[in-house]
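# Overview (structure and organization)
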Amino acid sequence: MLSKRNIIILLFVVFISTSACILTGDSYQNADCPEVPKEEKPKPKDCKVDGNIYFEAPDGEYCFSYPYGYYGYKSPEESNAFIIQSGDPSLSIDPEDTPSSVNLLSPITLKIRYTPNEHNKTLWGFVSSEARLENVEDASPWTISDEEAYIAKRHINKTVIYYIYTQHNHVFYVLEFSAGITEAISISDRSHCADELEKLLFTVNETFHFLRW
(Lines give C-alpha, C1' and ligand atoms only; values in the text may rest on other atoms or scores of the structure.)
Protein backbone atom coordinates (compact mmCIF):
# COMPACT_ATOMS: atom_id res chain seq x y z
CA MET A 1 0.00 0.00 0.00
CA LEU A 2 1.40 3.41 -0.99
CA SER A 3 2.32 5.76 1.80
CA LYS A 4 0.95 9.28 1.93
CA ARG A 5 4.38 10.60 0.88
CA ASN A 6 4.56 8.28 -2.18
CA ILE A 7 1.05 9.31 -3.26
CA ILE A 8 2.06 12.98 -3.14
CA ILE A 9 5.19 12.26 -5.22
CA LEU A 10 3.17 10.28 -7.79
CA LEU A 11 0.61 13.11 -8.18
CA PHE A 12 3.43 15.62 -8.62
CA VAL A 13 5.00 13.54 -11.43
CA VAL A 14 1.63 13.26 -13.22
CA PHE A 15 1.13 17.03 -12.94
CA ILE A 16 4.59 17.78 -14.39
CA SER A 17 4.02 15.36 -17.32
CA THR A 18 0.65 16.89 -18.15
CA SER A 19 2.03 20.43 -17.98
CA ALA A 20 4.80 19.51 -20.40
CA CYS A 21 2.20 18.64 -23.03
CA ILE A 22 0.48 21.98 -22.60
CA LEU A 23 3.64 24.01 -23.19
CA THR A 24 4.31 24.39 -26.91
CA GLY A 25 6.21 26.54 -29.40
CA ASP A 26 9.41 28.24 -28.18
CA SER A 27 8.72 27.35 -24.54
CA TYR A 28 8.73 23.54 -24.76
CA GLN A 29 8.04 20.73 -27.16
CA ASN A 30 7.67 17.11 -26.09
CA ALA A 31 7.85 14.48 -28.82
CA ASP A 32 5.79 12.06 -26.71
CA CYS A 33 2.86 14.46 -26.31
CA PRO A 34 -0.13 14.07 -28.61
CA GLU A 35 -0.21 16.69 -31.35
CA VAL A 36 -3.07 19.15 -30.96
CA PRO A 37 -4.60 19.99 -34.35
CA LYS A 38 -4.66 23.69 -35.16
CA GLU A 39 -7.87 25.25 -36.36
CA GLU A 40 -7.47 26.30 -39.97
CA LYS A 41 -8.81 29.65 -41.09
CA PRO A 42 -11.13 29.49 -44.10
CA LYS A 43 -9.32 30.24 -47.34
CA PRO A 44 -10.54 33.30 -49.24
CA LYS A 45 -12.71 32.51 -52.22
CA ASP A 46 -11.50 33.40 -55.70
CA CYS A 47 -14.22 34.81 -57.92
CA LYS A 48 -11.93 35.45 -60.87
CA VAL A 49 -12.11 33.13 -63.87
CA ASP A 50 -10.07 33.45 -67.05
CA GLY A 51 -12.11 34.67 -69.98
CA ASN A 52 -14.72 36.40 -67.81
CA ILE A 53 -15.17 39.80 -66.18
CA TYR A 54 -14.55 40.08 -62.43
CA PHE A 55 -17.13 41.97 -60.38
CA GLU A 56 -17.10 42.97 -56.71
CA ALA A 57 -20.17 44.47 -55.04
CA PRO A 58 -19.92 48.18 -54.16
CA ASP A 59 -20.16 47.31 -50.45
CA GLY A 60 -17.59 44.52 -50.73
CA GLU A 61 -20.08 41.89 -49.59
CA TYR A 62 -19.68 39.47 -52.51
CA CYS A 63 -17.92 38.95 -55.82
CA PHE A 64 -18.38 36.86 -58.97
CA SER A 65 -17.45 36.63 -62.65
CA TYR A 66 -19.65 37.03 -65.70
CA PRO A 67 -19.14 36.69 -69.48
CA TYR A 68 -18.00 39.56 -71.67
CA GLY A 69 -20.72 41.58 -73.34
CA TYR A 70 -22.41 42.73 -70.12
CA TYR A 71 -22.19 45.95 -68.16
CA GLY A 72 -23.24 46.72 -64.60
CA TYR A 73 -25.06 49.60 -62.94
CA LYS A 74 -26.99 50.45 -59.78
CA SER A 75 -30.72 50.03 -60.12
CA PRO A 76 -32.37 53.45 -60.49
CA GLU A 77 -35.54 52.10 -58.85
CA GLU A 78 -34.11 50.01 -55.98
CA SER A 79 -31.28 51.34 -53.82
CA ASN A 80 -30.41 47.82 -52.65
CA ALA A 81 -30.12 46.28 -56.13
CA PHE A 82 -27.38 45.97 -58.74
CA ILE A 83 -27.92 44.96 -62.38
CA ILE A 84 -25.74 43.17 -64.95
CA GLN A 85 -27.11 43.46 -68.49
CA SER A 86 -26.00 42.57 -72.00
CA GLY A 87 -25.77 45.57 -74.29
CA ASP A 88 -23.39 47.98 -76.01
CA PRO A 89 -20.00 46.26 -76.56
CA SER A 90 -18.19 49.56 -75.97
CA LEU A 91 -19.31 49.40 -72.34
CA SER A 92 -17.61 46.03 -71.76
CA ILE A 93 -14.87 45.28 -74.24
CA ASP A 94 -12.95 42.05 -74.64
CA PRO A 95 -10.00 43.10 -76.85
CA GLU A 96 -9.53 39.57 -78.23
CA ASP A 97 -13.11 38.62 -78.95
CA THR A 98 -16.43 40.21 -79.84
CA PRO A 99 -18.96 38.96 -77.27
CA SER A 100 -21.91 37.22 -78.86
CA SER A 101 -24.34 38.42 -76.19
CA VAL A 102 -24.21 42.00 -77.46
CA ASN A 103 -25.75 40.82 -80.73
CA LEU A 104 -28.92 39.62 -79.03
CA LEU A 105 -32.10 41.40 -80.01
CA SER A 106 -33.17 41.54 -76.36
CA PRO A 107 -31.01 41.94 -73.25
CA ILE A 108 -30.11 39.16 -70.84
CA THR A 109 -30.28 40.57 -67.33
CA LEU A 110 -29.12 39.65 -63.83
CA LYS A 111 -30.43 41.69 -60.92
CA ILE A 112 -29.04 41.08 -57.43
CA ARG A 113 -30.98 42.51 -54.54
CA TYR A 114 -30.83 42.04 -50.79
CA THR A 115 -33.27 42.29 -47.89
CA PRO A 116 -32.24 42.38 -44.21
CA ASN A 117 -33.82 39.57 -42.19
CA GLU A 118 -35.48 41.83 -39.63
CA HIS A 119 -38.08 39.29 -38.48
CA ASN A 120 -35.81 36.25 -38.03
CA LYS A 121 -37.43 34.32 -40.85
CA THR A 122 -36.03 31.07 -42.13
CA LEU A 123 -34.79 31.01 -45.71
CA TRP A 124 -37.76 28.90 -46.75
CA GLY A 125 -40.06 31.33 -44.95
CA PHE A 126 -38.61 34.15 -47.03
CA VAL A 127 -39.00 32.15 -50.25
CA SER A 128 -42.59 31.32 -49.35
CA SER A 129 -43.44 34.96 -48.73
CA GLU A 130 -41.95 35.89 -52.09
CA ALA A 131 -43.90 33.08 -53.75
CA ARG A 132 -47.25 34.37 -52.52
CA LEU A 133 -46.47 37.70 -54.13
CA GLU A 134 -45.13 36.49 -57.45
CA ASN A 135 -46.60 33.03 -58.05
CA VAL A 136 -43.62 30.67 -57.78
CA GLU A 137 -44.08 27.60 -59.96
CA ASP A 138 -41.40 25.51 -58.34
CA ALA A 139 -38.55 25.92 -55.85
CA SER A 140 -35.75 23.37 -55.54
CA PRO A 141 -32.88 23.11 -53.03
CA TRP A 142 -29.73 24.78 -54.32
CA THR A 143 -26.28 25.87 -53.13
CA ILE A 144 -24.36 29.07 -53.77
CA SER A 145 -21.14 30.20 -52.07
CA ASP A 146 -21.41 27.20 -49.71
CA GLU A 147 -24.71 28.59 -48.43
CA GLU A 148 -28.11 26.89 -48.44
CA ALA A 149 -30.22 28.22 -51.29
CA TYR A 150 -33.30 27.62 -53.43
CA ILE A 151 -33.78 28.08 -57.15
CA ALA A 152 -37.16 28.84 -58.68
CA LYS A 153 -38.52 29.40 -62.18
CA ARG A 154 -41.36 31.82 -62.74
CA HIS A 155 -43.47 33.03 -65.65
CA ILE A 156 -44.11 36.76 -65.45
CA ASN A 157 -46.14 37.95 -68.40
CA LYS A 158 -44.33 36.28 -71.34
CA THR A 159 -40.91 36.09 -69.70
CA VAL A 160 -39.29 33.21 -67.82
CA ILE A 161 -37.20 34.36 -64.85
CA TYR A 162 -34.89 32.22 -62.73
CA TYR A 163 -34.47 33.19 -59.09
CA ILE A 164 -31.77 32.02 -56.68
CA TYR A 165 -32.55 32.72 -53.02
CA THR A 166 -29.96 32.49 -50.27
CA GLN A 167 -29.14 33.96 -46.85
CA HIS A 168 -25.83 35.24 -45.47
CA ASN A 169 -25.12 37.14 -42.25
CA HIS A 170 -28.84 37.70 -41.51
CA VAL A 171 -29.44 39.14 -44.96
CA PHE A 172 -31.48 37.54 -47.75
CA TYR A 173 -30.10 37.74 -51.29
CA VAL A 174 -32.04 37.21 -54.50
CA LEU A 175 -30.38 36.71 -57.89
CA GLU A 176 -32.81 37.20 -60.79
CA PHE A 177 -31.84 35.97 -64.28
CA SER A 178 -34.12 36.97 -67.14
CA ALA A 179 -34.37 37.72 -70.86
CA GLY A 180 -36.51 40.69 -71.82
CA ILE A 181 -38.24 39.28 -74.88
CA THR A 182 -41.82 39.01 -76.04
CA GLU A 183 -41.87 35.20 -75.95
CA ALA A 184 -40.92 33.19 -72.89
CA ILE A 185 -37.67 31.24 -73.05
CA SER A 186 -35.96 28.93 -70.57
CA ILE A 187 -32.48 27.48 -70.35
CA SER A 188 -33.87 24.20 -71.68
CA ASP A 189 -34.74 25.84 -75.01
CA ARG A 190 -32.44 25.42 -78.00
CA SER A 191 -31.87 29.01 -79.01
CA HIS A 192 -29.02 31.50 -78.89
CA CYS A 193 -30.82 33.61 -76.31
CA ALA A 194 -31.47 30.59 -74.08
CA ASP A 195 -27.83 29.55 -74.37
CA GLU A 196 -26.70 33.01 -73.23
CA LEU A 197 -29.12 32.95 -70.31
CA GLU A 198 -27.84 29.53 -69.25
CA LYS A 199 -24.21 30.63 -69.62
CA LEU A 200 -24.76 33.69 -67.44
CA LEU A 201 -26.65 31.78 -64.75
CA PHE A 202 -24.12 28.99 -64.33
CA THR A 203 -21.04 31.23 -64.66
CA VAL A 204 -22.32 33.52 -61.92
CA ASN A 205 -23.51 30.66 -59.71
CA GLU A 206 -20.16 28.86 -59.89
CA THR A 207 -18.06 31.96 -59.18
CA PHE A 208 -20.30 33.78 -56.69
CA HIS A 209 -18.76 34.04 -53.21
CA PHE A 210 -19.48 36.07 -50.13
CA LEU A 211 -16.40 37.96 -48.96
CA ARG A 212 -17.38 38.56 -45.35
CA TRP A 213 -17.84 35.59 -43.03
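Read on for an overview of the structure. The structure presented is a predicted model; accordingly, all values stated were derived computationally and were not measured. (Residues numbered from 1 in each chain as written. Predicted model: local features only at pLDDT ≥ 70, side-chain atom pairs only at ≥ 80, totals over all residues. Heavy atoms only, no water.)

## Quick notes on the overall build of the chain
When helices and strands are counted, the chain shows 3 helices and 10 strands. The linear arrangement of helices and strands in the chain, starting from the amino end, is α-β-β-β-β-β-α-β-β-β-β-α-β. Relative to its 213 residues, the chain shows a buried fraction of 41%. Counting only contacts in the chain whose residues sit at least 6 apart along the sequence, the fraction spanning at least 24 positions is 51%. (Helix = DSSP H or I, 4+ residues; strand = E, 2+ residues; numbered from the N terminus. Buried < 20%, exposed > 50% of the residue type's maximum accessible area, 1.4 Å probe, protein only. Contact = heavy atoms within 4.5 Å.)

## Some thoughts on the nonpolar core
Core analysis: the biggest nonpolar cluster contains 32 residues, and Y62, F64 and F177 have the highest contact counts within it. Of all elements in the fold, only β1 (53-56), β2 (62-66), β4 (81-86), β5 (108-116), β7 (147-156), β8 (159-168), β9 (171-179) and α3 (192-207) reach the threshold of two or more residues within this core. Here this core takes 6 residues from α3, the largest share from any one element. The contact partners of F64, leaving out residues within four places of it in the chain, are C47, I53, Y54, F55, I84, L110, I112, V204, T207 and F208. Formed by 10 residues, the second largest nonpolar core is a distinct cluster that contains Y150, A152, I161 and V174. (Core = buried A, V, L, I, M, F, W, Y, C linked by side-chain atoms within 4.5 Å.)

## What about the layout of surface pockets?
Estimates place the volume of the second largest pocket at around 190 Å³. Residue lining of the second largest pocket: Y73, I83, Q85, P107, T109, K111, I161, E176 and S178, and that is the complete set. Of all the elements in the fold, those that place two or more residues in the lining of the second largest pocket are β4, β5 and β9. For the lining of the second largest pocket, the per-class residue count stands at 4 nonpolar, 3 polar and 2 charged. (1 Å grid on protein atoms, 1.4 Å probe; cavity = no way out; pocket = protein on both sides within 12 Å on 5 of 7 lines; lining within 4 Å. Points joined across faces, edges and corners; volume = space filled by probe spheres on them. Nonpolar A, V, L, I, M, F, W, Y, C, P; charged D, E, K, R; others polar.)

## Considerations on the sheet that holds strand β3 (residues 70-74)
The strand order across the open sheet built from 7 strands is β3-β4-β5-β9-β8-β7-β6, with neighbouring strands paired in antiparallel fashion. For this open sheet the edge positions go to β3 and β6 (138-144), each flanked by a neighbour on one side alone. On average, adjacent strands in this sheet sit at an angle of 20° to one another, irrespective of strand direction. The sheet contact formed by β7 and β8 spans 8 bridges and is antiparallel. In the strand pairing of β8, I151 is matched with I164. (Pairing = 2+ DSSP bridges. Axes fitted to C-alpha atoms, helices over the stretch in contact; angles between N-to-C directions.)

## A short note on the pattern of salt bridges
Between side chains of opposite charge, a pair can form when the charged atoms approach closely. One pass over the structure, following the stated rule, counts 4 salt bridges. A salt bridge links K111 to E78; its shortest N-O distance comes to 2.6 Å. Here K111, found in strand β5, pairs with E78, found in the loop between β3 and β4; they are 33 residues apart in sequence, far enough to count as distant. On the basis of relative accessible area, E78 is assigned to the partly exposed category, the value being 25%. Where E176 meets R113, a salt bridge forms, and the shortest distance between an N and an O atom there is 2.5 Å. One end of the pair, E176, is in strand β9; the other, R113, is in strand β5, with 63 residues separating them in the sequence. Beyond isolated ion pairs, a larger network of salt bridges with shared partners links R113, E130 and E176. (Salt bridge = Lys/Arg side-chain N within 4 Å of Asp/Glu carboxyl O.)

## Describing the state of the cysteines
A complete count under the given rule lists 1 disulfide for this structure. With its sulfur 1.8 Å from that of its partner, C47 forms a disulfide with C63. In this structure, the disulfide formed by C47 and C63 twists by about 60° around the S-S bond and is classed as right-handed. Residue C47 is located in the loop between α1 (4-22) and β1, and its partner C63 is located in strand β2; the two are separated by 16 residues in the primary sequence. Relative accessible area serves as the criterion here: at 2%, C63 is assigned to the buried category. (Disulfide = S-S within 2.5 Å.)

## With respect to the packing of aromatic side chains
Per the counting criterion, the structure on display carries 17 aromatic pairs. Summarising the aromatic geometry, the rings of F64 and F208 are spaced 6.1 Å apart at their centres and angled 15° between planes, so their arrangement reads as stacked. A residue pair is termed long-range when its members are at least 10 positions apart, and F64 in strand β2 and F208 in the loop between α3 and β10 (209-210) qualify at 144 residues. For the residue pair F64 and F208, the accessibility class agrees, reading buried in each case. Taking 6.1 Å as the distance between ring centres and 75° as the angle between the ring planes, the aromatic pair formed by F126 and Y165 counts as edge-to-face. (Phe/Tyr/Trp six-rings, centres within 6.5 Å; stacked < 30°, edge-to-face > 60°.)

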